[in-house]
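# Report on the structure
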Amino acid sequence: MRVLIVTAGSWGDVAPYTGLGVRLNSAGHEVAVATHDRFHDAVTACGLDFRPLPVDPRQELASAAGQDLARSMSPAVAMARLMRMVRAFMPRLAAGVCDAVQQGTDVVLTSTITDPICSTLGEAMRLPVIGVYLQPIQPTTAFPPLITRARSMGAFGNRLAAHAL
């Protein structure tokens, strides 16, 4: 089976999927990881195929919008700025995921960040998509969405922020 693992973010968002890929590869599957160019060598060193995604989070965080996000004085402002950044780069990321899938795959395994793109694409292409998340994705009162890196906003605020995101 040709497995495509799609993940985006930092090395902490990519490394666990290389382990999953190695295990799937040793079970006889062809595994490719679609992620950022800077992780090419790490992915291929694990014996996995690499498919590039066009957006690099480091570049996004170094941009003016990323610097505005870093200077956010409140979780609400950070959430608004994060959503603005996501709307700006998500079309490029989606195009990259589409290119990676079109190189041949039988099943897509997706991270939290890439799941909305992969699920939509999988439905359109009639491909199975399985979320293999590193963190909870359902809104919870216990903590705010992990992607925001915000402190707890209280039970109501945590759940509201997750729904907004």
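A quick note: this is a predicted structure, and the numbers were derived from the prediction, not measured. (Residues numbered from 1 in each chain as written. Predicted model: local features only at pLDDT ≥ 70, side-chain atom pairs only at ≥ 80, totals over all residues. Heavy atoms only, no water.)

The subject of this paragraph is the environment of threonine 35. The topology assignment puts threonine 35 in strand E2 (residues 30–36). Leave out the neighbours within four places in its chain, and threonine 35 touches Thr7, Ala8, Val14, Val43, Phe50, Arg51, Pro52 and Leu53. Of the polar contacts made by the side chain of threonine 35, one reaches the backbone oxygen of threonine 7; its length is 3.1 Å. (Helix = DSSP H or I, 4+ residues; strand = E, 2+ residues; numbered from the N terminus. Contact = heavy atoms within 4.5 Å. Polar contact = N/O pair within 3.5 Å; in protein donor to acceptor, adjacent residues only side chain to side chain.)

Quick look at the pattern of salt bridges now. All told, the structure shown has one salt bridge when counted by the stated rule. Among the ionic pairs, aspartate 106 bridges to arginine 2, the shortest N-O distance being 3.0 Å. Here aspartate 106 is found in the loop between helix H5 (75–102) and strand E4 (107–110), whereas its partner arginine 2 is found in strand E1 (residues 2–6), with 104 residues between them in sequence. On the basis of relative accessibility, which here comes to 34%, the residue arginine 2 falls in the partly exposed class. (Salt bridge = Lys/Arg side-chain N within 4 Å of Asp/Glu carboxyl O. Buried < 20%, exposed > 50% of the residue type's maximum accessible area, 1.4 Å probe, protein only.)

Here we come to the packing of aromatic side chains. What describes a pair of aromatic rings is the distance from one ring centre to the other and the angle between the planes of the rings. Taken as a whole and judged by the stated rule, the model has one aromatic pair. Ring geometry for tryptophan 11 and phenylalanine 39: centres 5.5 Å apart, planes at 35 degrees, overall tilted. Here phenylalanine 39 lies in the loop between E2 and helix H2 (40–45) and tryptophan 11 lies in helix H1 (residues 11–26), a separation of 28 residues in the sequence. The exposure class of phenylalanine 39 is buried, given its relative accessible area of 5%. (Phe/Tyr/Trp six-rings, centres within 6.5 Å; stacked < 30°, edge-to-face > 60°.)

Glancing now at unusual backbone geometry. The general pattern is negative phi for most residues beyond glycine and trans for most peptide bonds. The backbone of arginine 126 shows a phi angle near 55 degrees, a positive value even though the residue is not glycine. Examined against the element boundaries, arginine 126 turns out to sit in the loop between helix H6 (115–125) and strand E5 (129–131).

Take the nonpolar core next. Counting residues in hydrophobic clusters, the biggest one holds 18 residues, and the most contacted among them are Leu4, Val6, Val97 and Val101. Per-element tally for this core: the top contributor is H5, with seven residues. Ignoring sequence-local partners within four residues, the contact set of valine 6 consists of Ala34, Leu53, Val97, Val108, Leu109, Thr110, Ser111, Thr114 and Cys118. Membership of the second largest hydrophobic core comes to 11 residues, among which are Ile5, Leu24, Val43 and Phe50. (Core = buried A, V, L, I, M, F, W, Y, C linked by side-chain atoms within 4.5 Å.)

This part is about the side chain of serine 111. By secondary structure assignment, the location of serine 111 is in the loop between E4 and H6. Side-chain polar atoms of serine 111 contact the side chain of threonine 114, separated by 3.1 Å.

So, about the pairing of E4. Residue alternation in E4 divides its side chains into two sets, Val107 and Leu109 and Val108 and Thr110, and both sets are buried. Two strands pair when backbone bridges link them, and E1 and E4 are joined in this way by four bridges, in the parallel orientation. Its bridge partner lying in E4, valine 6 is registered against threonine 110. Judged from the three bridges that link them, E4 and E5 form a sheet pairing that is parallel. Bridge pairing links leucine 109 to isoleucine 130 in E5. Taken together, E4, H6 and E5 form a β-α-β motif whose crossover is right-handed. (Pairing = 2+ DSSP bridges. Right-handed = clockwise from strand over helix to strand, strands pointing away.)

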